Amino acid sequence: MNNKILLAFLIIASVMLITIRIFNFYIPHSSQVLGMLMNDIKSVGNEERNKEYRISIFEQFSPEVDIVFAGDSITQAGEWTDFFPNHKIANRGVGSDTTHDLLQRLDSIISVNPRIVFVMIGINDIVSGRPLDDILVDYYSVIQSLQQRNIQVIIQSTVQCQTFICKQHSHKVNHLNVALERFAHEHDIIFVRLEKLSKDTGLNYLFTYDGIHLNGRGYQEWVKTLLPIMENLNSLSEIDQSK
């Protein structure tokens, strides 16, 4: 009897050990995810543009469009022309971009002559340790530079990250989103809160594959939030031009 109990215990322990190893293999540890992200983010203050090879593609191919989606890798991974096939869209997302990086490459957005630019950025600034005030200065500069060229800007709340990955950074994302919403309200700019992707409690595991970047279900939530706006873009643009 004792031998049977011992054998059962060893079998259970072996199964648990194998399960843990499989889990660790397929799901990166929080420090691994943040480490990969940090390695990909160049230090702010370096005036070289981030991911120059990708920006060079923008500069070689600048078709005139109605809408631009601008941001970091989360925007870059979105198949925006598939999501909204009835609109002429340019994807100007660049992996690991900060607000400062976006400010440095505005020409690649302006060159396609868009009427409207959707902006979603900020997580890389926060993970790299930039003070909130510095982030906001660059973010506001991006908005004002586009507005000066009669381009309507739509601010989207910064997508959260899972708390077990980002830990204290999740709270900073909340502070950034509060500041952005306040700025949008004060300057009569459309602010889109990506409700389920920007929750105060962090990003739900259902919407991400690594705790930071979105999976298909995450982009489905994003698209669902934007649909009413996309369906009324003509009227929004007319209102903006009449001011």
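Residues numbered from 1 in each chain as written. Predicted model: local features only at pLDDT ≥ 70, side-chain atom pairs only at ≥ 80, totals over all residues. Heavy atoms only, no water.

Colleague: I keep staring at helix α12 (residues 216–230) and nothing clicks. Help me out?
Modeller: Counted at 1.5 Å a residue, the expected span for α12 with its 15 residues is 21 Å, and the 19 Å between its end C-alpha atoms agrees. Residue K224 marks the point of greatest curvature in α12, where the axis turns by about 25 degrees; the proline P228 follows within four residues. Three or more residues of α12 are buried, namely G218, Y219, E221, W222, V223, L226, I229 and M230. Two to three positions downstream of the cap, the backbone nitrogen of R217 sits 3.1 Å from a side-chain oxygen, assigning the N-cap of α12 to N215. (Helix = DSSP H or I, 4+ residues; strand = E, 2+ residues; numbered from the N terminus. Expected span 1.5 Å × (residues − 1). Bend = angle between axes of the 7 residues up to and from the residue. Buried < 20%, exposed > 50% of the residue type's maximum accessible area, 1.4 Å probe, protein only. Polar contact = N/O pair within 3.5 Å; in protein donor to acceptor, adjacent residues only side chain to side chain.)

Colleague: Would you explain the packing of aromatic side chains in this entry?
Modeller: Geometry of an aromatic ring pair is reported as the spacing of the ring centres plus the angle between the planes. Tallied over the full model, the rule gives 9 aromatic pairs. For the pair F69 and W80, a centre-to-centre distance of 4.0 Å together with 5 degrees between the ring planes defines the contact as stacked. Placement of the pair is F69 in strand β1 (residues 67–71) and W80 in helix α5 (residues 80–83), with a sequence separation of 11 residues. Residue F69 is classed as buried on the basis of its relative accessible area of 1%. Here the aromatic residues F69, W80, F83, F84, F118, Y219 and W222 are joined through ring pairs into a cluster of three or more. (Phe/Tyr/Trp six-rings, centres within 6.5 Å; stacked < 30°, edge-to-face > 60°.)

Colleague: Would you explain the pattern of salt bridges in this entry?
Modeller: Should the charged atoms of two oppositely charged side chains come close, the side chains can pair. Applying the stated criterion to the full structure yields 8 salt bridges. When the shortest N-O distance is used, the salt bridge between D66 and R115 registers 3.9 Å. Here the residue D66 occupies a position in the loop between α3 (52–60) and β1, and R115 occupies one in the loop between α7 (107–110) and β3 (116–120), the gap between them amounting to 49 residues. Looking at R115, the relative accessible area reads 26%, which means it is partly exposed. (Salt bridge = Lys/Arg side-chain N within 4 Å of Asp/Glu carboxyl O.)

Colleague: What should I look at first to understand the confidence of the model for the protein in this one?
Modeller: Close reading of the predicted structure is inappropriate where its pLDDT is low. Confidence in the prediction for the protein averages 85 pLDDT; 76% of positions are at 70 or higher. pLDDT under 50 marks residues 22–27. Its contacts with residues more than four places away, or in other chains, come to 0 contacts. (pLDDT = per-residue confidence, 0-100. Contact = heavy atoms within 4.5 Å.)

Colleague: So what exactly am I meant to see when it comes to helix α11 (residues 169–186) here?
Modeller: Working note: α-helix, 3.6 residues per turn, so residues spaced by three or four point in the same direction. Between its terminal C-alpha atoms α11 stretches 26 Å, which fits the 26 Å expected from 18 residues at 1.5 Å a residue. Of the residues making up α11, those classed as buried are H169, S170, V173, N174, L176, N177, A179, L180, F183 and A184. In this fold, the buried residues of α11 make contact with α8 (123–127), α9 (132–147), β4 (152–156), α10 (163–166) and β5 (190–192). D188 occupies a position one or two residues after α11 and carries a positive phi of about 55 degrees.

Colleague: Explain the nonpolar core here, please?
Modeller: One recurring pattern in soluble globular proteins is that nonpolar side chains are buried together. In terms of nonpolar packing, the biggest core is built from 60 residues, with F118, I155, W222 and L226 touching the most fellow members. The element best represented in this core is α9, accounting for 7 residues. (Core = buried A, V, L, I, M, F, W, Y, C linked by side-chain atoms within 4.5 Å.)

Colleague: I keep staring at the side chain of Q156 and nothing clicks. Help me out?
Modeller: With respect to the secondary-structure elements, Q156 resides in strand β4. The contacts of Q156, once residues within four sequence positions are left out, are F69, F118, V119, M120, Y139, F191, V192, L194, W222 and L226.

Colleague: Help me understand the sheet that holds β5 in this model?
Modeller: Through backbone hydrogen bonds, the strands of a sheet pair up, either in parallel or in antiparallel fashion. Sheet architecture is open: 5 strands sit in the order β2-β1-β3-β4-β5, paired in parallel fashion. Strands at the two margins of the open sheet, each flanked by one partner only, are β2 (89–93) and β5. Each adjacent strand pair in this sheet contributes to an overall mean axis angle of 20 degrees, direction not counted. Bridge analysis of β1 against β3 gives 5 bridges, and the strand direction is parallel. Bridge pairing in β3 places A70 opposite V119. The strands touched by α9 within the sheet are β3 and β4, with β4 carrying the most contacts at an inclination of about 155 degrees. (Pairing = 2+ DSSP bridges. Axes fitted to C-alpha atoms, helices over the stretch in contact; angles between N-to-C directions.)

Colleague: What exactly am I supposed to notice about the pairing of β4 here?
Modeller: Regular strands have side chains that alternate between both faces of the sheet. Most of β4 is tucked away: 5 of the 5 residues are buried. Neither face of β4 is exposed, since Q152, I154 and Q156 on one face and V153 and I155 on the opposite face are all buried. Two elements, β3 and β4, share 4 bridges in a ladder whose sense is parallel. Note that in β4 the partner of V117 across the bridge is V153. In the sheet, β4 pairs with β5 via 3 bridges, with the strands oriented parallel. Of the residues in β5, the one forming a bridge with I155 is F191.

Colleague: Would you mind showing me how to read the pairing of β1 here?
Modeller: For β1, the tally of buried residues reaches 5 of 5 residues, placing the bulk of the element in the interior. The two faces of β1 match: I67, F69 and G71 on one face and V68 and A70 on the other face are all buried. Inspection of the sheet shows β1 paired to β2 by 5 bridges, in the parallel sense. From the neighbouring strand, I67 faces β2, where its bridge partner is I89.

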